[in-house]
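Chain and residue survey
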Amino acid sequence: MALQDDKPYLGVTRPITTAESNPREKEVTVTLMEELKRQKTFESEQEARTREIVLGKVAALVKKFVYQVSIARGLSETTANAAGGKIFTFGSYRLGVHGPGTDIDTLCVVPKHVSREDFFDVFERMLKEMDGVTEVSGVPDAYVPVIKTEIMGIPLDFTMARLALSTIPDDLSLKDDNLLRNLDERCVRSLNGSRVTDEILRLVPNVEVFRDSLRCIKLWAQRRAIYSNVSGFLGGVAWAMLVARICQLYPNVSAGAIVSRFFIIMHQWSWPEPVLLKQIEDGPLPVRVWNPKLYPGDRSHRMPIITPAYPSMCATHNVTASTQMIMTDEFKKASEVVERVIIGTAEWSELFKKHDFFHKYRYYLQIVASAANADLQSKWSGTVESKLRQLVMKLEYVESLVIAHPFIKGFDQEVYCLTDEEVRAVAEGEISPAILKRKKEDCEGKEGRVVYTTTFYIGLAVEPKQAGQQGPRKLDISYPTNEFVKMVKTWDKYDNATMGVVVQNIKRSILPDYAFDPGERQKPALKRPNPKGAGKTDNGSPDLPNKRRKSSQHTSADSTTGAVQIAPMKAIPNGNGLTVITPGSISVTPSPAPDVPGKGGIKSPPVLSAPIATGATGQ
């Protein structure tokens, strides 16, 4: 804590002002809290009690897990019982801003003789056998290895830290920096989740104002589909640190005033100037501390938000050029809405309007991960999702591509197929209404197979066609897509016979219905009258952040149904306007024929080599 005119203050700089909110700011704070309650951001008392019960069961399970591993390592009964094991919550639950259905980030601290392999083998199996558990999925290869589960309807994300201690006492505190001695980087990252959360709460001047403000910002980010660390946006801890910094700059104002200043400051922030809650501290331990002067990787961070607990790390290393541009644009839009709220010409509900991702772009990349059983699919889709950021970064280097905009979640489906052709179509994301309506009992007595799929989307904003430019254009995204497929298939548990991944380009007009809320799809004009030879449409995005849209003349070919060929395969001219595709290239080509595989420029279906279609691009 530093001093300002002999008065202490929190943060790396003095507050902008220590004045209190004016009457209007206090008034809009009241209406903000009323709106947050209408938006159901607060959990019920029953759910709160259920969370406490679940955490009690989990705490007991962790001790049992450590005991079993200790016995397996040959330790005595007495020593095994004394080995301990403890859980610490962090994230939104620990911060006090969780809502209905929010997961509980839970750190499992174990003694030195319990390995990470034990965590994903023994503890994951114990979770599956636990009463009330409906799903368990481990992602050991994630940046912070995690086991995702749901117990009694409460979702939990488990991480693990293995301390250099023989026993873990019940009164263990994680504040001591010396606990980080002799730990690998993954354990340090896991420990930091809990340490950072506690430090954030210590560094805000008014915890209640911080919580109310953060609850608002979280809801806004979720509604605008920019709340996801794995997708290249910001995760919960990063949003919390941004709000905490604004609270430091305005220590005595209400939540409504914090929210207003949040959007104004974040839109104008001079990135890559880092956001810090306190000065970065060096320490005696041989662990890496964020330092862009020393580490080239740290210099590449676009929106560095630095954790306040030692060792300081960048919580936003996943941000890409595209996601930064998208978030900056959202900050600007939100600041304009809140300004209207302050002056009384808008309501808070306008701030929380749903995103327009599936209306925003003309072209989308559809990534379909498929597997033969639910447990395998959960792990496989998690692996594919964790690598999507790499695909986005590679797409950003493609000429004529302005933005690669990842959607923050995948769409899960369980589909019952009767033929190889249906399996193939489902694995490629093409599910007819008849297949979609089919239930398990419809397949009884038949050789039906279940295909589990998770579908992810990336919006593609293409540069508008320049005036005078003639003929169809090619968008060569073969290299990034093929490299992505090769990368995800390096997963050590990948099985070509039971798992698959397909990457394909689809137009907005043929996005599946599940991407839209009921009645939502009819709102935008997805198709316009386009007489033969008179097509003039925009080939890019209707709303490009920080980009001024240009009017342009388009040929009729650009406004017909487009298709994408994904290498390696050869396309032969067929008289339907199909551009020749050579191995390693992808083209957006005109296709007057219906969307039938093998016709008019539509992709050729992959060959089935197993009961579950792999549809593997890039083999």
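Heads up: these notes are all about the structure in this document. Quantities reported herein were computed from a predicted structural model and do not represent experimental measurements.

**Concerning the overall build of the protein chain**
A tally of regular secondary structure across the protein chain gives 16 helices and 14 strands. Counting across all 619 residues of the protein chain, residues that qualify as buried make up 55%. Of all intrachain contacts in the protein chain linking residues separated by at least 6 positions in sequence, the fraction that spans at least 24 positions is 72%.

**Comments concerning empty space enclosed by the protein**
This model, assessed by the stated rule, comprises one cavity of 30 Å³ or more. The calculated volume of the largest cavity comes to roughly 60 Å³. Elements with a contribution of two residues or more to the lining of the largest cavity: helix H11 (321-343) and helix H12 (357-360). Taken together, the residues of the lining of the largest cavity sort by class into four nonpolar, two polar and four charged.

**Looking at helix H6 (residues 185-202)**
Its 18 residues place the ends of H6 25 Å apart at the C-alpha level, agreeing with the 26 Å of an ideal helix rising 1.5 Å per residue. The largest bend in H6 comes to about 30 degrees, at Asn192. With a side-chain oxygen positioned 3.2 Å from the backbone nitrogen of Arg186, the residue opening H6 is Asp184.

**Brief notes about helix H2 (residues 45-72)**
Taking 1.5 Å of rise per residue, 28 residues should cover 40 Å, and H2 covers 41 Å from first to last C-alpha, within 8% of that figure. Where H2 terminates, the next one or two residues include Gly74, which has phi positive at roughly 90 degrees.

**Considerations on the packing of helix H1 (residues 23-38) against helix H7 (residues 207-223)**
Where H1 contacts H7, the two axes come as close as 11 Å, and the packing angle between them is 50 degrees. Compared by their axis directions, H1 and H7 come out oblique. Of the two elements, H1 crosses H7, and the hand of that crossing is left-handed. Seen from H1, the contacting residues are Leu32, Met33 and Leu36; seen from H7, they are Asp212, Arg215, Cys216 and Leu219.

**Here's the deal with unusual backbone geometry**
In the segment running from Trp271 into Pro272, the intervening peptide bond is cis, with an omega of 10 degrees. Within the element layout of this structure, Pro272 appears in the loop between helix H9 (255-268) and helix H10 (296-299). Tyr310 connects to Pro311 through a cis peptide bond whose omega is -5 degrees. Here Pro311 shows up in the loop between H10 and H11. Unusually for a residue other than glycine, Lys40 sits at a positive phi of about 60 degrees. Locating Lys40 in the fold gives a position in the loop between H1 and H2. Overall, the relative accessible area of 63% leaves Lys40 in the exposed class. Positive phi outside glycine occurs at Met152, with the angle close to 55 degrees.

**Quick word on the environment of Glu422**
Mapping Glu422 onto the fold places it in helix H14 (residues 420-427). In this structure, the C-alpha to C-alpha distance between Glu422 and Ile435, residues 13 residues apart in sequence, is 8.0 Å. If sequence neighbours within four positions are ignored, Glu422 has contacts with Tyr416, Cys417, Ile435 and Arg438. A polar contact of 2.7 Å, which involves the side chain of Glu422, links it to the backbone nitrogen of Leu418.

**What about the side chain of Thr159?**
Here Thr159 shows up in strand S7 (residues 154-162). With near-sequence residues (within four places) excluded, Thr159 lies in contact with Phe90, Thr106, Leu107, Cys108, Phe119, Val144, Pro145, Val146 and Ser190.

**Quick word on the packing of aromatic side chains**
For any pair of aromatic rings, geometry is given as the distance between the ring centres together with the angle between the planes. A complete count under the given rule lists 27 aromatic pairs for this structure. Through pairs of rings, three or more aromatic residues link up here, namely Phe357, Phe358, Tyr361, Tyr364, Phe407, Phe411, Tyr457, Tyr514 and Phe516. Lying over the aromatic face of Tyr250, Arg261 brings its terminal NZ or CZ to 4.7 Å of the ring centre. Against the face of Tyr295 rests Arg288, its NZ or CZ located 4.0 Å from the ring centre.

**Some thoughts on the environment of Pro100**
Position of Pro100 among the secondary structure elements: in the loop between helix H4 (91-95) and strand S4 (104-110). Of the residues examined, Pro100 reaches a relative accessible area of 42% and is grouped as partly exposed. Along the backbone, Pro100 and Thr41 are 59 residues apart, and their C-alpha atoms lie at a distance of 6.7 Å. Discounting chain neighbours no more than four positions away, the residues touching Pro100 are Lys40, Thr41, Phe42, Glu43 and Glu47.

What counts as what
Along each chain, residue indices are assigned from 1 in the same order as the chain's sequence is written. It should be noted that, the model being predicted, local features are given only for residues of pLDDT at least 70 and side-chain atom pairs only at 80 or more, the latter also being counted only at that level, while totals for whole chains, interfaces and linings use all residues. No hydrogens and no water enter the side-chain calculation; it runs on all heavy atoms of the structure. Elements are defined by DSSP. Helices are runs of H or I of four residues or more, strands are runs of E of two residues or more, and each kind is numbered from the N terminus. Buried, partly exposed and exposed residues are distinguished by accessible area as a fraction of the type maximum, computed with a 1.4 Å probe on protein chains only: under 20%, between the cut-offs, and over 50%, respectively. Contact between two residues is taken to exist if any of their heavy atoms lie within 4.5 Å; hydrogens are not considered. In this analysis a 1.4 Å probe is tested at points of a 1 Å grid over the protein atoms alone, and where it fits but cannot get out there is a cavity; an open set with protein on both sides within 12 Å along at least five of seven lines is a pocket; lining residues have an atom within 4 Å of a point. Grid points are joined across faces, edges and corners, and a volume is the space filled by probe spheres set on the points. Asp, Glu, Lys and Arg are counted as charged, while Ala, Val, Leu, Ile, Met, Phe, Trp, Tyr, Cys and Pro are counted as nonpolar; the rest, among them Gly, fall into the polar class. The span you would expect from a helix comes to 1.5 Å times its residue count less one. Bend is the name given here to the angle between axes fitted to two runs of seven residues, the run ending at a residue and the run starting at it. Between N or O atoms, a polar contact is any pair within 3.5 Å; within protein, one atom must be a potential hydrogen donor and the other a potential acceptor, and residues adjacent in sequence are included only when both atoms are from side chains. Only the stretch in contact is used when fitting a helix axis, every axis being a line fitted to C-alpha atoms; angles between N-to-C directions are given from 0 to 180 degrees. Note on terminology: angles under 35 degrees are roughly parallel, angles over 145 are roughly antiparallel, angles of 65 to 115 are roughly perpendicular, and the others are oblique. What makes a crossing left-handed is the near helix being turned counterclockwise from the far one by less than a right angle; a clockwise turn instead makes it right-handed. Stacked, tilted and edge-to-face are the three classes assigned to paired rings of Phe, Tyr and Trp, where Trp is represented by its six-membered ring and a pair needs centres within 6.5 Å; plane angles under 30 degrees give stacked, over 60 edge-to-face, the rest tilted. Here, a charge over a ring is recorded when the distance from Lys NZ or Arg CZ to the ring centre is within 6 Å and its angle to the ring normal is within 35 degrees.

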